[in-house]
Amino acid sequence: MIVAIDGPAASGKSTAAIGVAKALNITHFDTGSMYRAVTHGLISNQISFKDTKSIKDFLESLKLRFSNSKKGTGLILNDNNVTDFIRSNTISENVSEVSAIKIVRDFMVKIQRQMASDTDCILEGRDIGTVVFPNADFKFFMTADEKSRAERRLIELVRSGDRNASELDSVLDDLKVRDHKDSTRNHAPLIKAKDALVIDTTYLTINEVIDKIVNTVNQKRTLY
Ligand code: CDP
């Protein structure tokens, strides 16, 4: 079984997907963290985003895997634990440029399909219901108004020490820029799949979002 969740930045996909995976006892894949890890890898190896040949070589030698520990899911890139680096401002500012590169997307889609091939899972991202798994058993498109998304992201960034509490406007601007880039790129732009169920999380608690998804899945599952 494949459950796909797509939606713009900070719409609550990760928190919901983690809760749903736990409730349904299925595997969770955060595909955004994979694009973030590649962005980290290119920057730390000083590979230009325009240098297609070096990007191709980098991808061909790439080893990317999720790790599970008491602290949660982490990401290991070429034997280095990059979990703490991939949510930094530098990565957030550059990830949309990297994720718009066709060879990067083709590579990611391939490994995401492999990862999901032998397990029931929930994948969250921007193109899961449209490109990676157009025949997913369940598709959700998560949204929330811009201000609520910025407020949620600011709380995370203040907690990690990346921003201070007065920076709501700049966090909002960053989200808008990233959403615009993600929605207007040529390859696999962020759009709602026609058959996705929209969940506006603006006025919902995280448990309400999780329940909505879990109930939708369970209702249909009992019909099989
Ligand atoms: O957590 P947040 O909503 O800020 O973003 P994310 O899910 O970590 O995704 C980071 C970036 O990766 C997005 O802004 C997209 O540029 C890219 N992405 C993508 O292109 N396709 C996906 N399936 C997932 C993420």
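Residues numbered from 1 in each chain as written. Predicted model: local features only at pLDDT ≥ 70, side-chain atom pairs only at ≥ 80, totals over all residues. Heavy atoms only, no water.

Caption draft 1: Representation of helix α1 (residues 13-24) within the structure. Across its twelve residues, α1 extends 16 Å between first and last C-alpha, which sits within 8% of the 16 Å expected from 1.5 Å per residue. Where α1 is concerned, the buried positions are Lys-13, Ala-16, Ala-17, Gly-19, Val-20, Ala-21 and Leu-24. Structurally, α1 contributes buried residues whose contacts are with β1 (2-6), β2 (27-30), β6 (121-125), β7 (138-143) and α9 (206-221). Of the residues one or two after α1, Asn-25 is the one with positive phi, at around 55°. (Helix = DSSP H or I, 4+ residues; strand = E, 2+ residues; numbered from the N terminus. Expected span 1.5 Å × (residues − 1). Buried < 20%, exposed > 50% of the residue type's maximum accessible area, 1.4 Å probe, protein only. Contact = heavy atoms within 4.5 Å.)

Caption draft 2: Main features of the site of the ligand. Near the ligand lie 19 residues; those nearest to it are Arg-36, Ser-99, Arg-153, Arg-178 and Asp-182. Secondary structure elements with two or more residues in the shell around the ligand: α2 (31-44), α4 (89-99) and α8 (168-184). Among the elements that take part in the shell around the ligand, α2 stands out by supplying four residues, more than any other. A per-class count over the shell around the ligand returns four nonpolar, five polar and ten charged. (Near = heavy atom within 4 Å. Nonpolar A, V, L, I, M, F, W, Y, C, P; charged D, E, K, R; others polar.)

Caption draft 3: Fine view of the nonpolar core. Among the nonpolar cores identified, the biggest contains 22 residues, and Val-38, Leu-42, Leu-59, Val-104 and Met-108 are the most heavily contacted of them. Contributing elements (two or more residues each) for this core: α2, α3 (52-60), β4 (72-77), α4 and α5 (102-115). Sorting elements by how many residues they give to this core places α2 first, with five residues. (Core = buried A, V, L, I, M, F, W, Y, C linked by side-chain atoms within 4.5 Å.)

Caption draft 4: Region of interest: the packing of α2 against α3. Contact geometry of α2 with α3 gives a least axis separation of 11 Å together with a crossing angle of 120°. Considered as vectors, α2 and α3 are oriented oblique to each other. Crossing handedness for the pair α2 and α3: right-handed. When α2 is examined against α3, the residues Val-38, Gly-41 and Leu-42 are found in contact with a partner set consisting of Ile-55, Phe-58 and Leu-59. A breakdown of the residues in the contact of α2 with α3 according to their chemical character gives five nonpolar, one polar and no charged. (Axes fitted to C-alpha atoms, helices over the stretch in contact; angles between N-to-C directions. Parallel < 35°, antiparallel > 145°, perpendicular 65-115°, else oblique. Left-handed = near helix turned anticlockwise from the far one by under 90°.)

Caption draft 5: Quick look at the packing of aromatic side chains. As enumerated under the stated definition, the model contains one aromatic pair in all. Seen from their ring centres, Phe-29 and Phe-66 are 5.7 Å apart, and the 50° between their planes marks the pair as tilted. Of this pair, Phe-29 sits in strand β2 while Phe-66 sits in strand β3 (residues 64-69); the two residues are 37 residues apart in sequence, bridging distant segments of the chain. Judged by its relative accessible area of 9%, Phe-29 falls in the buried class. In this structure, Lys-220 is placed above the aromatic ring of Phe-138, and the distance from its NZ or CZ to the ring centre is 5.3 Å. (Phe/Tyr/Trp six-rings, centres within 6.5 Å; stacked < 30°, edge-to-face > 60°. Lys NZ or Arg CZ within 6 Å of the ring centre and 35° of its normal.)

Caption draft 6: A look at the sheet that holds β7. Spatial strand order, β2-β6-β1-β7-β8: five strands in an open sheet with parallel pairing. Edge positions in the open sheet fall to β2 and β8 (197-200), since each of these has one partner strand only. Direction aside, the axes of adjacent strands within the sheet are offset by 20° on average. Where β1 and β6 come together, five bridges link them in parallel fashion. (Pairing = 2+ DSSP bridges.)

These results come straight from atomic positions and should not be treated as a statement about function.
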